[in-house]
Amino acid sequence: MNRVFITGNEAVAYGALAAGCNFYAGYPITPSSEIMHLMARELPRRGGVFVQVEDEIAAINALIGASWAGSRAMTATSGPGFSLMQEGLGYAVMTETPLVVVDVMRAGPATGQATKPAQGDLMQARWGRHGDQVLPVLAPSSPQECYDLVIRAFTIAEELRTPVVVLSDEFIGHGREVVELAGEVRIPSRRRPRSAREPPFYSEDPRVPPPMPRLGDGFNVLVTGSTHDGFGYRDTRSFDTHYKLVKRIWDKIWLNRDTIFDYEAVGIDDAIIGFVAYGSTARSVAKSVEILRREGIRAGYIKLKTLWPIDTKPIEVLAERVEAIIVPELSLGQLVFDIERAAKNYTKIYSFNKVGGGEPIYPRELVELARKVLSR
Amino acid sequence: MKKRHFSQKYLRIETLPTLFCPGCFNGVVINALSKALEEEGVASLRGYVFVSGIGCSSWIPSPYILADSLHVLHGRAVAVAMGVKLANPKLEVIVIGGDGDLASIGISHLIHAARRNLDIVVIMVNNLVYGMTRGQQSPTTPRGLETTTTPYGSFEYPIDMCRVLRETNANYVARWTIAHFFQLKDSIREALFRLRRGFRYIEVVAPCTTYVARRLGLKPSSILRDLLKNSKRVEEIRRGDTIGEDSIVVGIFKSEDKPGYIELYQDYSMRARGVQSG
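Residues numbered from 1 in each chain as written. Chains lettered and ligands numbered in written order. Predicted model: local features only at pLDDT ≥ 70, side-chain atom pairs only at ≥ 80, totals over all residues. Heavy atoms only, no water.

Chemist: So what exactly am I meant to see when it comes to the sheet that holds strand S15 (residues 324–329) of chain A here?
Modeler: Two orientations exist for strands paired in a sheet by backbone hydrogen bonds: parallel and antiparallel. All names here are of chain A. Spatially, the five strands line up as an open sheet ordered S11-S13-S12-S15-S16, and their pairing is mixed. Strand pairing shows two members of the sheet lacking a second neighbour, strand S11 (263–266) and strand S16 (348–353), which therefore form its edges. Across the sheet, the axes of successive neighbouring strands diverge by a mean angle of 20°, strand direction being ignored. Pairing of S15 with S16, which is carried by six bridges, proceeds in the parallel orientation. (Pairing = 2+ DSSP bridges. Helix = DSSP H or I, 4+ residues; strand = E, 2+ residues; numbered from the N terminus. Axes fitted to C-alpha atoms, helices over the stretch in contact; angles between N-to-C directions.)

Right, here's the structure in full:
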């Protein structure tokens, strides 16, 4: 175990390298650029590929090509670049191309406040593509989790043959903490077809992705973003082919929700007030709960480390116990919709929203709100 | 047994006949490519990767060519090709696409790949319009042509991608029309088997039979005649010459043998390793 004092962005890069990432294409954007700087330093001397491309659209599409050629590929960006990558992410979903995209969130929309943190890209990470699609979204709340969750993102990407999004934010990206680097990480290697008779785009069990042929291996693979049958032949007319394809890809993620979904629950067994949060906001929540408990108020929280697909059961359990749930977000409110969907029949839900200027959600603000809510 | 046509070993026979319009010149491009491969003694396309975007000519490799192929987003073929080539430089990467795909929505990737002298071959089938979406104006539509989006005749200045790319670091830039079959085939051989490195761009002027020719009341045979008549060899043009708007400048605009991006990156990687050990 190697202990280092690094930022969240550096931890993302070290996590990717530990996971065997050997292809990075990226475009400069605040506040994610340090990830690219570290990859630019490390990949060429480790026999990998680093390329600074002309825009984020080129980045995501280069990742797609590299992934099909057998690479483990990642890019990192922030809001505006993430918007440009959406079409490519949709293509990666449709063609079941493993890759990892890290979005270090900043205040938007548009150029917004490039250097200031936010959590406004949650819904975009889930639903930014057109059509029926779902992809895993992970959210670290510390440099350590940046490291761990990027490794996890590569694991999920390879195991389920899917793009994975990691939603970090400026606080975490630029925040510096001690991170324990793993010695060696074993990521499952991609399953390859044994013969050209194995369909690369169909599997009997939707939970298991089909094997992925590598370019150059003689499979004459047909990859297309158009609706295709098991062997990649375009079929842009039939209901059956389309429904079967998009439903299988959808089920691949949803039916594996138990393994993808990850969270931490603290103090919820006896709590009378609960919080649900993710990312940097979860840190303020942890502190608030500590303060409230010191004051004799039994508070607890759930920190989500997976934002999609989401399993609402733990939130329902929390909701049945507490008098109210507070959902703080560095946005005008997005996660709160999930919490309302899961818990509004059991308890009261309060949104706490703040965004811009680099203002964090302070524990004292949440403590105050908790007191007020409980005294009502 | 019936003798197989030489091109059959390069094609997915079960997908034929193609879905192209009757008289479509995409077949000429397939033929020229097949002939070039045949003449070079290529037995199978293992190791070749075709990348194409969206449009009629993007269907040439996907599904008709029997090789690995990536049929990607509109305009992004060159970006995907870059990922493939960098991830595995042993693969021979060929992009086939149209003027809408490569010279409009994908023009930035094309120019930047040429700037990097990326080691890929790009064949741009210039049919002068957006064919698949019903004949709208494209960036190469000649002035005066009536299209579905310029019903009173196109008035915009078109782009000449060969002149643009000649000014980049691309190793090879050539243009032919479908009336120059042998020259086209030889250019493909030159790019793929002689030069072998750097960015190699071959444009084929192949007017859309449905949305250009039929609209103008022209038969395929008369298009061929017109293309030959209006072609002007690039080496005959001197600086300052005015070229009529009807003229198509054909020939080899540029042929060099500079190291491509792959070699440059490999040198760079060696330097990076040196820094580590030193």
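Chemist: Looking at this structure, how should I read the interface of chain A and chain B?
Modeler: How big an interface is tends to be expressed through the accessible area that disappears when the partners come together. Facing the 41 residues of chain A at the interface are 37 residues of chain B. For the pair chain A and chain B, the two sides together bury roughly 3200 Å², of which 57% comes from carbon and sulfur. Area buried by chain A at its contact with chain B is led by Arg45(A), Glu54(A) and Arg234(A), which between them contribute 20% of it. The closest approach of N and O atoms between Glu54(A) and Arg116(B), which form a salt bridge, is 2.9 Å. In this assembly, chain A and chain B are joined by 20 residue pairs in polar contact (both at pLDDT 80 or more). Here the side of chain A that touches chain B gets seven residues from one element, more than from any other, and that element is helix H3 (residues 56–68) of chain A. Taken together, the residues of the side of chain A that touches chain B sort by class into 20 nonpolar, 13 polar and eight charged. Of the pairings in the sheet, the one linking strand S10 (residues 222–224) of chain A to strand S2 (residues 68–71) of chain B comprises three bridges and is parallel in character. Along S2(B), the bridge assignment pairs Leu222(A) with Ser69(B). (Contact = heavy atoms within 4.5 Å. Buried area = accessible area lost by both parts, 1.4 Å probe. Salt bridge = Lys/Arg side-chain N within 4 Å of Asp/Glu carboxyl O. Polar contact = N/O pair within 3.5 Å; in protein donor to acceptor, adjacent residues only side chain to side chain. Nonpolar A, V, L, I, M, F, W, Y, C, P; charged D, E, K, R; others polar.)

Chemist: Quick question: what am I supposed to make of the sheet that holds strand S1 (residues 48–52) of chain B here?
Modeler: If you walk across this open sheet you meet the nine strands as S10(A)-S2(B)-S1(B)-S3(B)-S4(B)-S8(B)-S7(B)-S10(B)-S9(B), and the pairing is mixed. Two strands lie at the open edges of the sheet, namely S10 of chain A together with strand S9 (231–233) of chain B, each paired on one side alone. Averaged over neighbouring strand pairs, the angle between their axes works out to 20° when direction is ignored. Two strands pair when backbone bridges link them, and S1(B) and S2(B) are joined in this way by four bridges, in the parallel orientation. Bridging from a neighbouring strand, Val49(B) pairs with Asp68(B) of S2(B). Here helix H8 (residues 220–230) of chain B sits on the sheet and contacts strand S7 (172–177), strand S8 (200–205), S9 and strand S10 (248–255) of chain B; the angle it forms with S9(B), its principal contact strand, is near 35°.

Chemist: Just checking my understanding: could you explain the environment of Tyr147(A) for this structure?
Modeler: For Tyr147(A), the location among the structural elements is in helix H6 (residues 143–160). Non-local contacts of Tyr147(A), meaning those with residues more than four positions away in its chain, are made with Ala11(A), Tyr14(A), Gly15(A), Ala18(A), Val179(A), Glu180(A), Leu181(A) and Ala182(A).

Chemist: Is there a simple way to explain the environment of Phe155(B) in this structure?
Modeler: Residue and element names in this part refer to chain B. Secondary-structure assignment places Phe155 in the loop between strand S6 (136–137) and helix H5 (161–166). By relative accessible area, which is 63% here, Phe155 ends up exposed. Sequence spacing of Phe155 and Ile202 is 47 residues, and the spatial spacing of their C-alpha atoms is 26 Å. (Buried < 20%, exposed > 50% of the residue type's maximum accessible area, 1.4 Å probe, protein only.)

Chemist: Sorry, what's going on with the pattern of salt bridges here?
Modeler: Close approach of charged atoms allows side chains with opposite charge to pair. Residues and elements named next belong to chain A. Following the criterion strictly, the structure yields 44 salt bridges over all chains and no others. In this structure, Arg248 and Glu96 form a salt bridge, with 2.6 Å as the shortest nitrogen-oxygen distance. Remark: Glu96 occurs in the loop between helix H4 (79–94) and strand S5 (99–107) and Arg248 occurs in helix H8 (residues 239–254); sequence separation between them is 152 residues. We note a salt bridge from Glu365 to Lys354, for which the minimum N-O separation is 2.8 Å. Placement of Glu365 in helix H13 (residues 363–375) and of Lys354 in the loop between S16 and H13 is noted, with a sequence separation of eleven residues between them. Residue classification places Lys354 among the buried positions, given a relative accessible area of 15%.

Chemist: Just to check I follow, could you spell out the domain arrangement of chain A for this structure?
Modeler: Residue and element names in this part refer to chain A. On domain assignment, one finds that chain A holds domain 1 (2–181) and domain 2 (264–375). Across the contact, 31 residues belong to domain 1 and 28 residues belong to domain 2. Counting the surface lost from both domain 1 and domain 2, the interface buries some 2200 Å², and carbon and sulfur atoms represent 55% of this. Our count for the domain 1 to domain 2 interface comes out at three salt bridges. Note that Glu145 is salt-bridged to Lys303, the shortest N-O span being 2.6 Å. Taken together, the connections running from domain 1 to domain 2 amount to 17 residue pairs in polar contact (both at pLDDT 80 or more). (Domains from an automatic or database assignment.)

Chemist: Before we go on, may I ask you to explain H8(A) in this structure?
Modeler: Residues and elements named next belong to chain A. With 16 residues, H8 ought to run about 22 Å at 1.5 Å a step, and its terminal C-alpha atoms sit 22 Å apart, in line with that. Along H8, the residues classified as buried are Thr241, Leu245, Val246, Arg248, Ile249, Asp251, Lys252, Ile253 and Trp254. Check the buried side of H8 and you find it contacts H4, H6, helix H9 (257–260) and strand S14 (306–308). A distance of 3.5 Å separates the backbone nitrogen of Asp240 from a side-chain oxygen at the start of H8, and that oxygen is part of Ser238. (Expected span 1.5 Å × (residues − 1).)

Chemist: In this structure, what is going on with the pairing of strand S2 (residues 23–26) of chain A? I would like to understand it.
Modeler: Working note: regular strand, side chains alternate between the two faces of the sheet. All names here are of chain A. Burial along S2 is two-sided: the face carrying Phe23 and Ala25 and the face carrying Tyr24 and Gly26 are both buried. The pairing of S2 with strand S4 (residues 73–77) spans two bridges and is parallel. Residue pairing in the sheet places Phe23 in a bridge with Ala73 of S4. Summarising the sheet, S2 and strand S3 (residues 49–52) pair through four bridges and their orientation is parallel. Considered in S3, the bridge of Phe23 is made with Val49. In terms of handedness, the path from S2 via helix H2 (residues 33–42) over to S3 forms a crossover that is right-handed. (Right-handed = clockwise from strand over helix to strand, strands pointing away.)

Chemist: Is there a simple way to explain helix H1 (residues 8–18) of chain A in this structure?
Modeler: Every α-helix carries 3.6 residues per turn, so stepping three or four residues along brings you back to the same face. Residues and elements named next belong to chain A. With eight of eleven residues buried, H1 is to be regarded as a mostly interior element. Buried within H1 we find Gly8, Asn9, Ala11, Val12, Ala13, Gly15, Ala16 and Leu17. Gly20 occupies a position one or two residues after H1 and carries a positive phi of about 90°.

Chemist: How do you make sense of unusual backbone geometry when you look at a structure like this?
Modeler: The phi torsion of most residues other than glycine is negative, and most of the peptide bonds are trans. At the junction of Trp308(A) and Pro309(A), the peptide bond is cis and its omega measures out at -5° in the coordinates. You can see Pro309(A) is positioned in the loop between S14 and helix H11 (313–321). Of the consecutive residues Ser62(B) and Pro63(B), the connecting peptide bond is found in the cis state with omega at 15°. Looking at where Pro63(B) falls in the secondary structure, it is placed in the loop between S1 and S2. In this structure, Arg161(A) is a non-glycine residue whose phi angle is positive, near 50°. By secondary structure assignment, the location of Arg161(A) is in the loop between H6 and strand S8 (163–169). Given a relative accessible area of 2%, Arg161(A) falls into the buried group. In the Ramachandran plot, Asn220(A) falls in the positive-phi region, its phi being about 45° despite a non-glycine side chain. Among the structural elements, Asn220(A) can be located in the loop between strand S9 (176–181) and S10.

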